[in-house]
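Single-letter residue listing:
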Amino acid sequence: MKTYLKCLMIIGLFLLTLHCSAQKLGTGPDPDPEKTGLGALRQLSSCDELVAYYEDLAESSGSACNRDDVDCSAESGGSDDSADADSDTETDASTESEDHEVAEADLAKSYDDRLLTSHGNDIYLYQVSPVDEARLLSTLELSGTIEELFLGDNWAAVFTVHNNYNDDDLMIADVSSENRLWLIDLSDPENPVVARTIAIEEDYVTARYDSTDEVLYWVAQGYRSTDTRELEEIVPHGALDDDETDLQEDDCANVLVYEGGNEYDHNYWVSVVALPLSDGLESSPISTGLVMGVPYETFVRATEENLLVAIQNDTDSTSIFSFDYFKGNTFEVKSAGFIDGYLNDQFSMDSEDGLVRVVFTQRDDDWNRSNYLKILKNDGGELETLAVVGPFGEGEEVYASHFTDDWGYVVTYMSIDPLFTIDLSDPENPSLTGALEVPGFSTYLESVDEDHLLSVGVSDRWDGSVQLSLFDVSDRSNPSLKFSHAFEDLPDGSEALGDHRAFSYFEEEGIIAVPISGYDYEITGDGYYDSIGRSYLTITSIDVDSGFNAEASLSAADVFTISESETECDWAFRRTLMVDETLVAVTNGGIALFGKDDLTAAVSTFAYARESDETNYCDSGNVEMDVFISID
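Basis of the calculations
Residues numbered from 1 in each chain as written. Predicted model: local features only at pLDDT ≥ 70, side-chain atom pairs only at ≥ 80, totals over all residues. Heavy atoms only, no water. Helix = DSSP H or I, 4+ residues; strand = E, 2+ residues; numbered from the N terminus. Buried < 20%, exposed > 50% of the residue type's maximum accessible area, 1.4 Å probe, protein only. Contact = heavy atoms within 4.5 Å. Areas by Shrake-Rupley, 256 points an atom, 1.4 Å probe, with all protein chains shown as cover. Pairing = 2+ DSSP bridges. Axes fitted to C-alpha atoms, helices over the stretch in contact; angles between N-to-C directions. Phe/Tyr/Trp six-rings, centres within 6.5 Å; stacked < 30°, edge-to-face > 60°. Lys NZ or Arg CZ within 6 Å of the ring centre and 35° of its normal. Core = buried A, V, L, I, M, F, W, Y, C linked by side-chain atoms within 4.5 Å. Patch = residues over 30% accessible without salt bridge, like charges linked within 9 Å, V, L, I, M, F, W, Y side chains within 5 Å. Salt bridge = Lys/Arg side-chain N within 4 Å of Asp/Glu carboxyl O. Lys, Arg positive; Asp, Glu negative; His and termini not counted. Charge placed at Lys NZ, Arg CZ, Asp CG, Glu CD. Expected span 1.5 Å × (residues − 1). Arc of directions from axis to C-beta.

Trainee: Residue-level account of the overall build of the protein, with values.
Mentor: Each helix and strand counted, the protein has 4 helices and 42 strands in total. Here the protein holds 632 residues, and 59% of them are scored as buried. A sequence separation of at least 24 residues applies to 58% of the contacts in the protein between residues at least 6 apart. As displayed, the protein offers around 24,900 Å² of accessible surface, 41% of which is attributable to carbon and sulfur atoms.

Encoded structure:
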C-alpha cells in the first residue's frame, strides 16, 4: 500500500448559552495560551514505536504528555517531524496553491440529468430531466445500512455500515462493526455492477470527493482498549474485495500519534483512505493513513486551498492542523497551531492566501464567555498568531460563522442575535467594524452577493419558528436586517438548522428550499392532546430588493398518496436538488419532481419499496442536532 495520511472527522456540539451582555469590541486579554504542547502530532519511526506507545498507555493513568519519553514541548511546533517535513514549504501569506473543488457525501446526489438516492439496502438511479421524461433507470440491493453516497460520470460510491449482531457476512473477521465502500459501475445505467468493495473496521465518519484531482477520501473512526499491546490488535483492519489486510505499511510510516487531550482520547483513532479514481474503479491504487489518539470532538473544513482539522482537546483548548491535499501519493502536515478556546463548528475556520482564520470562544472558571477571531500564519510548520480581533459578543456563544475573501461574519446568541462584521482585508490589522442586534438567532450563513447575507435560523416567537433572514452588509460598519420571513404556521423544526445540506439556495433561480418537520397537537374528545407528525417542503423566492415571497408550502400529504398505516413523517422531506430544469424533492419514502416554472404541484413522484415497520422522521426538526458538515 502506498503511504497516505489525512485526518478528517466530523462531530460537533450545538451549544446553548446562559448569559448575555453588551456587544462591544474590547481589548481584552490576549487569547494566546501558554504553550503546553497540547496538539503535538508525532510521526512514528517504526511499528515497534507504535506498540511501545500503547504499552505506555496501559501503564499510564494520565496524558501521554506526562510521560518522560514524549516531547510535548512548545518548541516542537506540534511535532518536530511535521515541521521538518515541511521545511521547504513557503510561509509567506501569498503562497499559491491549486484551487480544489471538493464535494461531500450526502443521502442524494445528482450528475448531469441523473439522480442517485437510497432507501434501506437499495440504491435508486433515476433520470430526472427533462421532467416529463423522468424514469427509474435501475435499482441495486447492497448489504448493510446505507449512510451516504456520491454520483459521478458513470460511477457511484456508496458507504454502508455493518454490525456483527445483525450481519453474519462481515468482510473483516472478529470485529464488532465495519463500514464499506461500494464502487459501482454505471456505464450501463440500467444494469449497475459492483466493481469493487472495500471495508474498514469500526464506524463511518464522513467522505469527500476532490473533483479537481479525482480523489475520493473516506474516513473511519474507532476505539482501542488502553490495555491493547499487540500490533495486530492496535492497528485497525480492512478488506480489499475478499482480501483482509492491515491498514498500514509494514514499517508504520503512515501512522501519526496525536499527543494532546486527556487519557481517554488516546484510545481513539482515525483511519483515512485515499482512492484516486482517474484510472478506473477496479485498478485504482488505495492509500491509507492512521492518526492514533484522536479525541472525539473534531471538526473538518475543506477549502479550495487545503484541509483544516480542528481537534478540541477539551472546552478550553483546540489544536488546528493544516494539511495539503493528496498529491502524487504523498500527504503533508503543512502546519499545526493552538487555540486557547473552542470552536462552534467547522464553519468557524477558513483559509485564504495561505492564512488560517478561526473564530473561537473562551470560557473562564465561572463560565463567562468571550469570543475572538484569530488569524494564523505558517511559520516553519507552526501556525503562529498574526492578529487577533476581540473580545466580542461577551457572555454569548458563537452560533454561526461565515468567511469571504476580505470579510468575516459571526453570529453570537443568548436572547438576541448579534451579527458582527469583521474586516480581514489587511490580515495584520483586522478590525471589528460593525454589529447588529436582532431577535432570534441564525445557525447558517451564506453569501447572496458581496453586499448581502442569507441565513436560516430560529425566530424569537414563543414557538421558535424556522426563519429566513436577509442582511444588508454593504455598509459593514452598519449592517442591517433587510428582510425576514418566519414559517409561523408550520412546525418549529428543520433539519436545515443543524445540517446545511438540508438548506438549498438556488442562486440562478432565486429560490430557497427548506424542509420543515415536526408535530402539531390537537385536543381529542377526552381533553387530551394528540400529536400529529407533519412534514413540509417550503419553497421561497428571494430578491435583494423585494425580499422573500412564499412560492409553495407543500405538505407530504399534498405530494404523495399516504396510506392509512402511514403518516406524513414516513414521507418527511430531507433534501432538495436542482437538476437542469427539474427541482427534485427527496423524502424518506421517495422523490417528487417539479418543473421549476411551476413549484405548486409535482409533475411526477416515485416511491421506494417500503417496509411497514420503518421509523418516521418528524423528529428531524430537533434544533439541537449535533452534526455539522462544511464543504466549499
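Trainee: Break down the environment of Ile523 for me, with residues and values.
Mentor: Its location among the elements puts Ile523 in strand S36 (residues 511-523). Classification of Ile523 as exposed rests on a relative accessible area of 58%. If sequence neighbours within four positions are ignored, Ile523 has contacts with Tyr528 and Tyr529.

Trainee: Residue-level account of the sheet that holds strand S7 (residues 135-141), with values.
Mentor: Spatially, the 4 strands line up as an open sheet ordered S4-S5-S6-S7, and their pairing is antiparallel. In this open sheet, the two edge strands, each paired with only one partner strand, are strand S4 (108-111) and S7. Going across the sheet, the axis of each strand differs from the next one's by a mean of 20 degrees, ignoring polarity. The pairing of strand S6 (residues 122-127) with S7 spans 6 bridges and is antiparallel.

Trainee: Give a description of the packing of aromatic side chains that names residues and reports values.
Mentor: In total, this model carries 18 aromatic pairs according to the counting rule given. The positively charged end of Arg363 is found above the aromatic ring belonging to Trp367, 3.7 Å away from the centroid. In this structure, Arg476 is placed above the aromatic ring of Trp407, and the distance from its NZ or CZ to the ring centre is 4.8 Å.

Trainee: Just give me the short version of the sheet that holds strand S35 (residues 504-506), but keep the residues and values in it.
Mentor: Pairing within the open sheet is antiparallel, and its 4 strands lie in the order S35-S36-S37-S38. At either end of the open sheet lies a strand with only one pairing partner, and these are S35 and strand S38 (547-555). Ignoring which end each strand starts from, the neighbouring axes of this sheet average 35 degrees apart. Relative to S38, strand S37 (residues 529-543) runs antiparallel, the two sharing 8 bridges. Paired with Ile539 across the strands is Ala552, a residue of S38.

Trainee: Provide a residue-level description of the nonpolar core, including the pertinent values.
Mentor: By size, the foremost hydrophobic cluster in this structure holds 37 residues, and its most contacted members are Leu419, Leu468, Phe503 and Ile512. Secondary-structure elements contributing two or more residues to this core are strand S27 (397-403), strand S28 (407-413), strand S30 (431-439), strand S31 (441-449), strand S32 (452-458), strand S33 (466-472), S36 and S37. Not counting chain neighbours up to four residues away, the residues in contact with Ile512 comprise Leu454, Leu468, Phe503, Ser504, Tyr505, Thr538, Ile539, Thr540, Ile542 and Phe548.

Trainee: Describe a negative patch on the surface, with residues and values.
Mentor: Together, Asp99, Glu101, Glu304, Asp353, Asp405 and Asp406 make up a region of like negative charge exposed at the surface. On the secondary structure map, Asp405 appears in the loop between S27 and S28.

Trainee: I'd like a rundown of a nonpolar patch on the surface, residues and numbers included.
Mentor: A cluster of nonpolar side chains, contributed by Tyr521, Ile523 and Tyr529, occupies part of the molecular surface with about 430 Å² of accessible area. Secondary-structure assignment places Tyr529 in strand S37. Judged by its relative accessible area of 62%, Tyr529 falls in the exposed class.

Trainee: Requested: an account of unusual backbone geometry, with residues and values cited.
Mentor: The residue after Ser129, namely Pro130, is reached through a cis peptide bond having omega 0 degrees. Summarising the element assignment, Pro130 is placed in the loop between S6 and S7. Despite not being glycine, Glu202 has its phi angle at roughly 75 degrees, a positive value. Topologically, Glu202 is positioned in the loop between strand S11 (193-201) and strand S12 (203-210). On the basis of relative accessibility, which here comes to 13%, the residue Glu202 falls in the buried class. Located in the positive-phi region is Asp580, a residue other than glycine, with phi close to 55 degrees. Tracing the chain through its elements places Asp580 in the loop between strand S39 (573-579) and strand S40 (582-587).

Trainee: Describe in detail helix H1 (residues 47-59), supporting the description with residues and values.
Mentor: When the terminal C-alpha atoms of H1 are compared, their 19 Å separation across 13 residues agrees well with the 18 Å that a helix rising 1.5 Å per residue should span. Among the residues making up H1, those that are buried are Cys47, Leu50, Val51, Tyr53, Tyr54 and Leu57. The buried residues of H1 occupy one face: seen down the axis, they fall within an arc of 155 degrees. When the buried face of H1 is taken as reference, the exposed residues oriented beyond 90 degrees from it are Asp48 and Glu59.

Trainee: Residues and numbers for the pattern of salt bridges, please.
Mentor: Enumeration over the complete set of coordinates arrives at 17 salt bridges. Glu104 is paired through a salt bridge with Arg501; the nearest N and O atoms lie 4.0 Å apart. Residue Glu104 is located in strand S3 (residues 102-104), and its partner Arg501 is located in the loop between strand S34 (480-486) and S35; the two are separated by 397 residues in the primary sequence. With a relative accessible area of 6%, Glu104 lands in the buried category. Its salt-bridge partner being Arg534, residue Glu568 comes within 3.3 Å of it at the nearest N-O pair. Placement of the pair is Glu568 in the loop between helix H4 (556-559) and S39 and Arg534 in strand S37, with a sequence separation of 34 residues.

Trainee: Describe the side chain of Thr540, naming the residues involved and giving the relevant values.
Mentor: Tracing the backbone shows Thr540 in strand S37. Given a relative accessible area of 1%, Thr540 falls into the buried group. With residues up to four places along the chain from it excluded, the contact list for Thr540 reads Leu468, Phe487, Gly510, Ile511, Ile512, Phe548, Asn549, Ala550 and Glu551.

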